[in-house]
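Descriptive analysis of the structure
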Amino acid sequence: MFNKNIKLVIAGLILVYAIYQFVEGFIGNGIFLILLAGIFVFLYFRNEFILLAFLRMRKQDFAGTDKWLNKIKNPQTALTTKQHGYYNYIKGIMTSQTNLTQAEKYFKKALKLGLSMDYDVAMTKLSLAGISMQKRRKREATLLLNEAKKIDKQNMLKDQIKMMQDQLKKI
């Protein structure tokens, strides 16, 4: 909705007005305004469109996910680095249904920009390994699967990794 820097400016202005309300004796208004400023600070670190896209993706609504992602006009300026990584991660998941080459670019860019959760990094490497397998690049797929296995400490992707290793033996 707003550029990331504009969100911080709005939060700062609201905070200044909250302090003014405290000085004037309107404590309730000041507390409410501090909470309102907190929302803008939260949205600086967690982009609202990416949050809504994740909710749509959880419901397997890929058209809705794509709709929310397309509302981000310029991801480089509107998002922080980690948010931009997750933007590319979701785009990679979306395009992996139709265009593997484009999905591979999105996944590599997401890894380059960084993802916060180890599970997401492991899932991205697993997806890249699957794309490499489809393109008959066995060495790269093996390397990516081993990296995903190291990152997946809680064994959430254990079955998928085992299945892909079995498929890799057939190549």
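For the structure given in this document, a descriptive report is provided here. Computed from a predicted model, the values in this text were never measured in an experiment. (Residues numbered from 1 in each chain as written. Predicted model: local features only at pLDDT ≥ 70, side-chain atom pairs only at ≥ 80, totals over all residues. Heavy atoms only, no water.)

Section: the nonpolar core
Note on soluble globular proteins: their nonpolar side chains tend to be buried together. Counting 35 residues, the largest nonpolar core has Ile72, Tyr89, Ile90, Phe107 and Leu145 as its most contacted members. Among the secondary structure elements, those contributing two or more residues to this core are α3 (48-58), α4 (62-70), α6 (81-95), α7 (100-113), α8 (118-134), α9 (138-151) and α10 (158-170). No other element matches the seven residues that α8 contributes to this core. Once residues lying within four places of it in the same chain are set aside, the contact partners of isoleucine 72 are Asn47, Phe49, Ile50, Ala78, Leu79 and Tyr87. Membership of the second largest hydrophobic core comes to six residues, among which are Ala18, Leu33, Ala37 and Phe40. (Core = buried A, V, L, I, M, F, W, Y, C linked by side-chain atoms within 4.5 Å. Buried < 20%, exposed > 50% of the residue type's maximum accessible area, 1.4 Å probe, protein only. Helix = DSSP H or I, 4+ residues; strand = E, 2+ residues; numbered from the N terminus. Contact = heavy atoms within 4.5 Å.)

Focus on the packing of α4 against α6
Helix packing for two helices is described by the angle between their axes and how far apart those axes are. Relative to each other, α4 and α6 sit at 145°, their axes nearing to 11 Å. Handedness of the crossing formed by α4 with α6: left-handed. Of the residues in α6, those in contact with Phe62, Thr65, Asp66, Leu69 and Asn70 of α4 are Tyr87, Ile90, Lys91 and Met94. When the residues that make up the contact of α4 with α6 are grouped by side-chain class, the tally is five nonpolar, two polar and two charged. (Axes fitted to C-alpha atoms, helices over the stretch in contact; angles between N-to-C directions. Left-handed = near helix turned anticlockwise from the far one by under 90°. Nonpolar A, V, L, I, M, F, W, Y, C, P; charged D, E, K, R; others polar.)

Description of unusual backbone geometry
With the exception of glycine, the majority of residues adopt a negative phi angle, and the majority of peptide bonds are in the trans configuration. A positive phi angle is found at glutamine 60, which is not glycine, with a value near 60°. Mapped onto the elements, glutamine 60 comes out in the loop between α3 and α4. Among the residues examined, glutamine 60 registers a relative accessible area of 56% and is labelled exposed.

Describing the packing of α8 against α10
At their nearest, the axes of α8 and α10 sit 11 Å apart, and the two run at 15° to each other. By the angle class used here, α8 and α10 are roughly parallel. Here α8 runs over α10; the crossing is left-handed. Of α10, the residues touching α8 (which contributes Leu126, Ala129, Gly130 and Met133) are Gln160, Ile161, Met164, Gln167 and Leu168. Of the residues belonging to the contact of α8 with α10, the class tally is six nonpolar, three polar and no charged. (Parallel < 35°, antiparallel > 145°, perpendicular 65-115°, else oblique.)

Digging into a nonpolar patch on the surface
A contiguous nonpolar surface patch, about 360 Å² in accessible area, is contributed by Leu15, Ile19, Val23 and Ile34. No other element matches helix α1 (residues 4-24), which puts three residues into the nonpolar patch. Relative to the elements of secondary structure, isoleucine 34 occurs in helix α2 (residues 27-45). (Patch = residues over 30% accessible without salt bridge, like charges linked within 9 Å, V, L, I, M, F, W, Y side chains within 5 Å. Areas by Shrake-Rupley, 256 points an atom, 1.4 Å probe, with all protein chains shown as cover. Salt bridge = Lys/Arg side-chain N within 4 Å of Asp/Glu carboxyl O.)

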